[in-house]
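Chain and residue survey
Below, each chain spelled out in residue letters.
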Amino acid sequence: QVVQAVTFQAPRIPIVSNLTGTVAGEELLTSDYWVNHVRQAVRFADGIGHLDAQGVTTYLELGPGGVLSAMAQETVAEAAFVPALRKNRAETDAVMTALAELHVNGTVVDWAAYFAGVDARRVDLPTYAFQHERFWPEAPKRGDSRTGVDPVDEAFWKAVTSEDLSALDVSGDLTLKDALPVLSSWRDRQRRHSTLDQWRYHTTWKPVDVAAAPVLDGRWLLAVPENLDAAVADWAVEGLRATGADIVTIDTDTDLTAHTDAAGILSLLALPDHDQHLHAGVTPGLTHTVTLLQRLAEAGVHAPLWSLTQGAVTTSDSDPIRSTAQAQIWGLGRVAALEEPTRWGGLIDLPEVLDTQTWQHTAAVLASDDGEDQTAVRPAGVLARRITRAAPAPTGKAWKVRGTVLITGGTGGLGARVACWAAANGAEHIVLTSRRGPDAPGAAELRTRIEELGATATVVACDTTDRDALTTLADTLRTDGTPVRAVVHTAGIGQATPLATMTPTDLTDVMDAKVTGAANLHTVFADTDLDAFVLFSSIAATWGSGGQAAYAAANTYLDALAHHRHTHHLPATSIAWGPWA
Ligand SMILES: NC(=O)c1ccc[n+]([C@@H]2O[C@H](COP(=O)([O-])OP(=O)(O)OC[C@H]3O[C@@H](n4cnc5c(N)ncnc54)[C@H](OP(=O)(O)O)[C@@H]3O)[C@@H](O)[C@H]2O)c1
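Keep in mind that this is a model prediction, so the values were computed, not measured.

**Things to note about the pattern of salt bridges**
Under the counting rule described, the total for this entry stands at twelve salt bridges. Here Arg343 and Glu340 are joined by a salt bridge, their closest N and O atoms 3.3 Å apart. With a relative accessible area of 17%, Glu340 lands in the buried category. Here the salt bridges share partners, and the residues they tie into one network are Asp153, Arg187 and Arg191.

**Topic: the environment of Ala552**
One can find Ala552 in helix α17 (residues 549–567). A C-alpha to C-alpha distance of 25 Å links Ala552 and Glu352, two positions 200 residues apart in sequence.

**Here's the deal with the side chain of Thr254**
With respect to the element layout, Thr254 can be found in the loop between β5 (246–250) and β6 (264–267). Reaching out from Thr254, the side chain makes a polar contact with the backbone nitrogen of Asp251 at a distance of 2.8 Å. When neighbours within four sequence positions are excluded, Thr254 is seen to be in contact with Thr249, His259 and Arg295.

**Considerations on the packing of aromatic side chains**
By the definition in use, this model includes twelve aromatic pairs. Relative to Trp34, the ring of Tyr33 has its centre 4.9 Å away and its plane inclined at 85°; by these criteria the two rings are edge-to-face. You can call Tyr33 buried: its relative accessible area is 6%. For Trp34, a relative accessible area of 30% gives the class partly exposed. Centroid distance Phe156 to Trp186: 6.0 Å. Interplanar angle 50°. Geometry classified as tilted. In this pair, Phe156 is assigned in helix α6 (residues 151–161) and Trp186 in helix α7 (residues 176–198), connecting sequence segments 30 residues apart. Positioned above the aromatic ring of Phe533 is the side chain of Arg565, whose terminal nitrogen or guanidinium carbon lies 3.7 Å from the ring centre.

**Points about the nonpolar core**
Of all hydrophobic cores here, the largest spans 65 residues; its most connected members are Leu292, Met511 and Phe525. For this core, the element with the highest residue contribution is α17, accounting for ten residues. Shared between two domains, this core holds at least three residues of each, these being domain 2 (207–389) and domain 3 (404–577). Met511 has contacts with Ala280, Gly281, Val282, Leu286, Gln328, Thr516, Ala550, Ala553 and Ala554, leaving out every residue within four places of it along the chain. By size, the runner-up hydrophobic cluster in this structure holds 28 residues, among which are Val208, Ala233, Ala236 and Ala384.

**Side note on the packing of helix α14 (residues 467–479) against helix α15 (residues 504–524)**
Contact geometry for α14 and α15: axes closest at 10 Å, N-to-C directions at 40°. When the interaxial angle is binned, α14 and α15 end up oblique. For the element pair α14 and α15, the recorded crossing hand is right-handed. Contacts between α14 and α15 pair Arg467, Leu470, Thr471 and Ala474 from the former with Asn520, Leu521, Thr523 and Val524 from the latter. Residues that form the contact of α14 with α15 fall into these classes: four nonpolar, three polar and one charged.

**Considering the environment of His103**
Assignment of secondary structure puts His103 in helix α4 (residues 91–104). Ignoring anything within four residues of it in the chain, the contact list for His103 reads Val109 and Trp111. Within the structure, His103 has its side chain in polar contact with the side chain of Trp111 (distance 3.4 Å).

**What about the pairing of strand β11 (residues 404–408)?**
Taking burial as the measure, the five residues of β11 include five buried ones, the bulk of the element. Alternating positions in β11 separate into two faces, Thr404, Leu406 and Thr408 on one and Val405 and Ile407 on the other, with burial throughout. Summarising the sheet, β11 and strand β12 (residues 429–434) pair through five bridges and their orientation is parallel. Each residue of the ladder has a partner; that of Ile407, found in β12, is Leu432. Taken together, the five bridges between β11 and strand β14 (residues 484–489) define a ladder with parallel strand orientation. Bridged to Thr408 within β14 is His489.

**Some words on the site of the ligand**
As a structural note, the neighbourhood of the ligand is formed by 24 residues, with Leu414, Arg436, Lys514, Tyr551 and Trp580 the closest of them. Within the complex, the protein chains bury 82% of what would otherwise be the 880 Å² of accessible surface of the ligand. Elements represented by at least two residues in the shell around the ligand include exactly α12 (413–424), α15 and β15 (532–538). Among the elements that line the shell around the ligand, the one with the most residues is β15, at three residues. Split by residue class, the shell around the ligand holds nine nonpolar, eleven polar and four charged.

Reading guide: rules and limits
Residues numbered from 1 in each chain as written. Predicted model: local features only at pLDDT ≥ 70, side-chain atom pairs only at ≥ 80, totals over all residues. Heavy atoms only, no water. Salt bridge = Lys/Arg side-chain N within 4 Å of Asp/Glu carboxyl O. Buried < 20%, exposed > 50% of the residue type's maximum accessible area, 1.4 Å probe, protein only. Helix = DSSP H or I, 4+ residues; strand = E, 2+ residues; numbered from the N terminus. Polar contact = N/O pair within 3.5 Å; in protein donor to acceptor, adjacent residues only side chain to side chain. Contact = heavy atoms within 4.5 Å. Phe/Tyr/Trp six-rings, centres within 6.5 Å; stacked < 30°, edge-to-face > 60°. Lys NZ or Arg CZ within 6 Å of the ring centre and 35° of its normal. Core = buried A, V, L, I, M, F, W, Y, C linked by side-chain atoms within 4.5 Å. Domains from an automatic or database assignment. Axes fitted to C-alpha atoms, helices over the stretch in contact; angles between N-to-C directions. Parallel < 35°, antiparallel > 145°, perpendicular 65-115°, else oblique. Left-handed = near helix turned anticlockwise from the far one by under 90°. Nonpolar A, V, L, I, M, F, W, Y, C, P; charged D, E, K, R; others polar. Pairing = 2+ DSSP bridges. Near = heavy atom within 4 Å. Areas by Shrake-Rupley, 256 points an atom, 1.4 Å probe, with all protein chains shown as cover.

As structure tokens, then:
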């Protein structure tokens, strides 16, 4: 009866009926048709099949999501199904993406209508290739150990088949008897490389879907450092307010026991941190964040603490680290997540521009319960940190050890091993530094061992935190005609202090040698053409380690410094060692 009251008009474009699966005619203008439309089976697959038979190859879904597109794709695998809107995606982004997909599938889009009134105009693309960056997934190469083929055996037989003696390090006039030990050592070396390749992992960033209109309920405590740019503080205050939160700005005097019912804590404490603010290797943001965590625990506040940074991580080659200092908080955060899983919310790295969209993405991470606790907000959306397998190391870029190698912490366990390795692999002079220098246990024996391996050794008492002492050492070596060719920074001390009881002195004690030492080496050798600049970092920085928040923060700084040096085309390798047996 209700449908009978409706006045029907004949459609202007053909409609494929869900009742019959073919193009509908006059019956569309009857109430019976629409009653049957509600009551009878939906012949959706037949309708899509009918269109396919007519030669249709592109479909646009007008609806709130992409459910029908997904179903239809199962009927016609080769056609393009384009949803105009997507769940959890901003409408403008979704429609723009849909138009782009239609365009690349050959549909003529009326771009003039789309851009009407926005003063858009065509521009020429640059005629030069300015960034050689590939975005296509790499197919596993032949010989990749993960394909089941032993890459060493494959390389060996390839060289044998092609009679390529140089690839096997064999010179042409060797007898087979003499060639065998050469081949054997070639195989050992290749096997070691192959094993190392299987240990290679790297940090990657995965785009994640987040809510388009997040809501933050309840009271949020906002920790704002005194020296923060007012515009940044306003951005967070206005954002929190616009997303529905009640805000209480807190500082060191705030009585946190009055806020045990808080829904969350947003910390801006790390945002002003710069390398110039490092004190004994520690950023103010790091110290204040540790103190805040401890005060929240003492006050009985159980809400999660989220820490913001800006430019502290790199998500791709075109998105370099802009603040090595702020990277420290990422090391701390990964440990806090292990030690205080209910109190630690996570880390969000912000882009350069803080606008409304940046806030929407930030708030979406804060409001989400998907467990993503290490994220980067970038103009294209939210990225979540992952650790994934890396491709085998590129060949032909190995460090050819030569001249003088400076090893900080050289009289320690790993420093001594590096020294012997360098001596056996081409270094002419090894300079070992530590605070105790020649007085360190085993220093004299180590020097003898290095000399037996064919290099000269100098053991110097030199604190890496003393930039003047390092500068003098580098100048003296240069004047003596033995300039430093490579630096290996192993100086550092370990840690086993839970966050709950960590003092500011614990922070500086653990971080100074590593962080100040690395920063000093970076400065002292800024104008030296080094073959290698190696930093001994740790997996504690990569995925956290209970009781090692300061140690992790220090090592995250080393990793960030290596990235920073790469950006400036300087050599750098930061090795995330696991525990040595
Ligand atoms: N061993 C492992 O399992 C492992 C795992 C991951 C990462 N790592 C990293 O590898 C590096 C070496 O570890 P390790 O086990 O060989 O440690 P280690 O045996 O304790 O040696 C550390 C060395 O650093 C020196 N040092 C400390 N503070 C210094 C300063 N301010 N200036 C100059 N030298 C300083 C120490 O000598 P003085 O006290 O005389 O100064 C010592 O020679 C560390 O950076 C560590 O974080 C080690």
